[in-house]
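As a plain string of letters, each chain reads:
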2 protein chains.
Amino acid sequence: MNQEYILAVDLGGTFIKFGLFSPAGECVYSWKARTALESSGDFILLQAAEEARSAFTYCGLPLESLGGVGIGVPGAVIGGRIVNRCVNLGWGVFDLRKQLQQQLADRGFGLVHVQALNDANAAALGEYYCGAGKDYRDMALITIGTGIGCGIILDGRLREGAFGGAGEIGHLPVNPAETAYCGCGKRGCLEQYAAAGGIVARTKQQLTKSNTPSLLRHLPDLTAKDVLDAAASGDPFGLDAARFAGEMIGRALACISGVADPQAFLIGGGISEAGDVILDPIKESFRRNVFHTSTDAVIRTAELKNDAGIYGAYHAVRVHLENE
Amino acid sequence: MNQEYILAVDLGGTFIKFGLFSPAGECVYSWKARTALESSGDFILLQAAEEARSAFTYCGLPLESLGGVGIGVPGAVIGGRIVNRCVNLGWGVFDLRKQLQQQLADRGFGLVHVQALNDANAAALGEYYCGAGKDYRDMALITIGTGIGCGIILDGRLREGAFGGAGEIGHLPVNPAETAYCGCGKRGCLEQYAAAGGIVARTKQQLTKSNTPSLLRHLPDLTAKDVLDAAASGDPFGLDAARFAGEMIGRALACISGVADPQAFLIGGGISEAGDVILDPIKESFRRNVFHTSTDAVIRTAELKNDAGIYGAYHAVRVHLENE
């Protein structure tokens, strides 16, 4: 029986979240710290290692009881170790495993296994092992918020991709007629239509096109939540925006299906909290756009919310250590 | 050392092709027969079993030396055995493994393993083991002809999909503005733009829109080959059609990349024989439409042509028997 602790880290552009898991797999201590973004993110791994040492001291655990670290990062990761750019953190391409192992060794932890993964992939593993994905061998978690992320698990295995780009569906080319540019430099990406900013932009555009009364005309700083709340109370512009975002997300799910054909799609992230007002248009669009083989795929909301990444980072390293 | 023969079958709407592989993995005898399409395809498996027995008799092999049958079918297959509809053959949903095993047993073969798979998936396995995919752990084979098929191999394993729909990229929804219907009943599918019929339709449409001279104006029954041949000799309508088909295929490859992110894309099928005149627009569109992580993915032509399916069906059953 394994007697080692596992540290799970969820690295975001604002906060780093930590979860310390006991040998029995229980999260015994969790905390968060503001991300040290100074100097192109050069201090982030040092900060993570310092936090780890402080936590072990605080919990009265010997440093040698750390068996592994799982770390979700907001960018592409190749082979569980190489970061292939994280724009939010100022990171380019480097060996995260090696650097974090060094930082941990410098603080007395000895050589521990480090398993790095994309944060959306970590969240998908979390849902797969502990959330709405428990009943499926194959699933995709789609998180819709400021951006659109996705983690895909096929036949029980996380698909990271040859270049760490698997599940980067926020930038699927869904509309060849688009003339406006996405933040990524391409045109017609899913995020332009279905992430929070796209939902607000669509609403503002439609409001200028007619004089139909709407409560959304009277809100000073329109947010996607305002729009979806308005949809829930029957506002025509809210309903239009939800239908349009749902159409584009359903098309993207049909693309995931035509490529990888998972059994289930879980919808998470802030936008998913609007419930059926966004879920129903997604389902309707998916059924209409997917190839006939796969119309029975399940579409449902995710369960774990903000904790998914921590649980997934834990399971990523647990699975690795068990298969060693 | 295995001493059994493997029979590979490639089931098409016109011909059934067969390849008999020796225990050393050599294709020692290959032949084809016209597919028995009568009575909604009820006799096709009987025919395959009869052909197998005739071949064993002809080659002087004892029936008990048949160790397994791999069979590619033009429709979705789930879990190596359940056919999830083949419109071309008149087939609905049924257990192909069980039925073919029965037909073989009725002819004295005993109980042999039958591994069924989609024909595009079989071709992908063929390229992976014996063709242009040999150097990659991850690859997608895209075959462009009358229709568009695709087989995807991730980390050395064929991805069939929870409903047998993985790689069904001919019906990816690539154009939300389309008003015309695809043969599948949806609108804006990749096949509408980039399969042979789509290439011809685009050319005819563009020819009516201007008076620019073109050798394509003088051909009575325009084919996709005519159009791509004209492109190769610099005809403006040929070049436009190749560019447009390449644009849409490149977008579909970018979708495959954003979902599964394979290392390499192999382009096969009749349309690929046009060479760079179609390959260059595909590459250009892919680089422009793919997410930045994966711009270095390889795009090249496939190698095996019509034999890919037979080789893939052989390897599907070989791998299964070796892992048993």
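**Brief notes about the domain arrangement of chain A**
Residues and elements named next belong to chain A. Split into domains, chain A comes out as domain 1 (5–123 + 307–323) and domain 2 (135–303). Counting from both sides, the interface comprises 12 residues of domain 1 and, opposite them, 13 residues of domain 2. Approximately 810 Å² of surface area, both sides summed, lies buried where domain 1 meets domain 2, with 48% of it carried by carbon and sulfur atoms. Scanning the region where domain 1 abuts domain 2 turns up 2 residue pairs in polar contact (both at pLDDT 80 or more). Only strand E5 (76–78), strand E8 (113–118) and helix H4 (119–130) provide two or more residues apiece to the side of domain 1 that touches domain 2. Partitioning the side of domain 1 that touches domain 2 into residue classes produces 7 nonpolar, 5 polar and no charged.

**Quick word on the sheet that holds strand E12 (residues 264–268) of chain B**
Residues and elements named next belong to chain B. Strand order in the open sheet formed by 5 strands is E11-E10-E9-E12-E13, and the pairing between neighbours is mixed. Two strands close off the open sheet at either side, each with one partner strand: strand E11 (157–158) and strand E13 (298–301). In this sheet, strand E10 (residues 148–154) lies alongside strand E9 (residues 139–144) in antiparallel orientation, the contact comprising 6 bridges. Of the residues in E10, the one forming a bridge with Ile144 is Ile148. Lying on the sheet, helix H4 (residues 119–130) is in contact with E9, E10, E11 and E12; it crosses E10 at an angle near 50°.

**Section: helix H2 (residues 44–59) of chain A**
Residue and element names in this part refer to chain A. Between its terminal C-alpha atoms H2 stretches 22 Å, which fits the 22 Å expected from 16 residues at 1.5 Å a residue. Taken together, the buried positions of H2 are Ile44, Leu45, Gln47, Ala48, Ala49, Ala52, Ala55 and Phe56. Trailing H2 by a residue or two, Gly60 shows a phi angle of about 70°, which is positive.

**Points about empty space enclosed by the protein**
Per the stated rule, a full pass over the model turns up 3 cavities of 30 Å³ or more. Of the volumes computed, that of the largest cavity is approximately 40 Å³. Lining the largest cavity are A:Ala254, A:Gly258, A:Asn289, A:Val290, A:Phe291, B:Glu168, B:His171, B:Leu172, B:Pro173 and B:Lys186.

**What to know about the packing of aromatic side chains**
Evaluation of the coordinates by the stated rule reveals 20 aromatic pairs over all chains. Both rings, one in A:Tyr128 and one in A:Tyr129, keep their centres 5.0 Å apart while their planes meet at 80°; by these two values the pair is edge-to-face. What makes A:Tyr129 partly exposed here is its relative accessible area of 27%. Aromatic rings pair up to connect A:Phe18, A:Tyr29, A:Trp31 and A:Tyr58 into one cluster. Looking at B:Lys32, its charged tip hangs above the ring of B:Phe15, at a distance of 4.1 Å from the centre.

**A look at the relation of the copies chain B and chain A**
Overlaying chain B on chain A yields an RMSD of 0.0 Å, the required transformation being a rotation through 180° with an accompanying axial translation of 0.0 Å. Read as a symmetry element, the transformation amounts to a two-fold axis. Residue by residue, 100% of the interface of chain B is reproduced at the interface of chain A, so both copies engage with the same surface.

How each quantity is defined
- Residues numbered from 1 in each chain as written.
- Chains lettered and ligands numbered in written order.
- Predicted model: local features only at pLDDT ≥ 70, side-chain atom pairs only at ≥ 80, totals over all residues.
- Heavy atoms only, no water.
- Domains from an automatic or database assignment.
- Contact = heavy atoms within 4.5 Å.
- Buried area = accessible area lost by both parts, 1.4 Å probe.
- Polar contact = N/O pair within 3.5 Å; in protein donor to acceptor, adjacent residues only side chain to side chain.
- Helix = DSSP H or I, 4+ residues; strand = E, 2+ residues; numbered from the N terminus.
- Nonpolar A, V, L, I, M, F, W, Y, C, P; charged D, E, K, R; others polar.
- Pairing = 2+ DSSP bridges.
- Axes fitted to C-alpha atoms, helices over the stretch in contact; angles between N-to-C directions.
- Expected span 1.5 Å × (residues − 1).
- Buried < 20%, exposed > 50% of the residue type's maximum accessible area, 1.4 Å probe, protein only.
- 1 Å grid on protein atoms, 1.4 Å probe; cavity = no way out; pocket = protein on both sides within 12 Å on 5 of 7 lines; lining within 4 Å.
- Points joined across faces, edges and corners; volume = space filled by probe spheres on them.
- Phe/Tyr/Trp six-rings, centres within 6.5 Å; stacked < 30°, edge-to-face > 60°.
- Lys NZ or Arg CZ within 6 Å of the ring centre and 35° of its normal.
- Least-squares fit on C-alpha atoms with pLDDT ≥ 70 in both.

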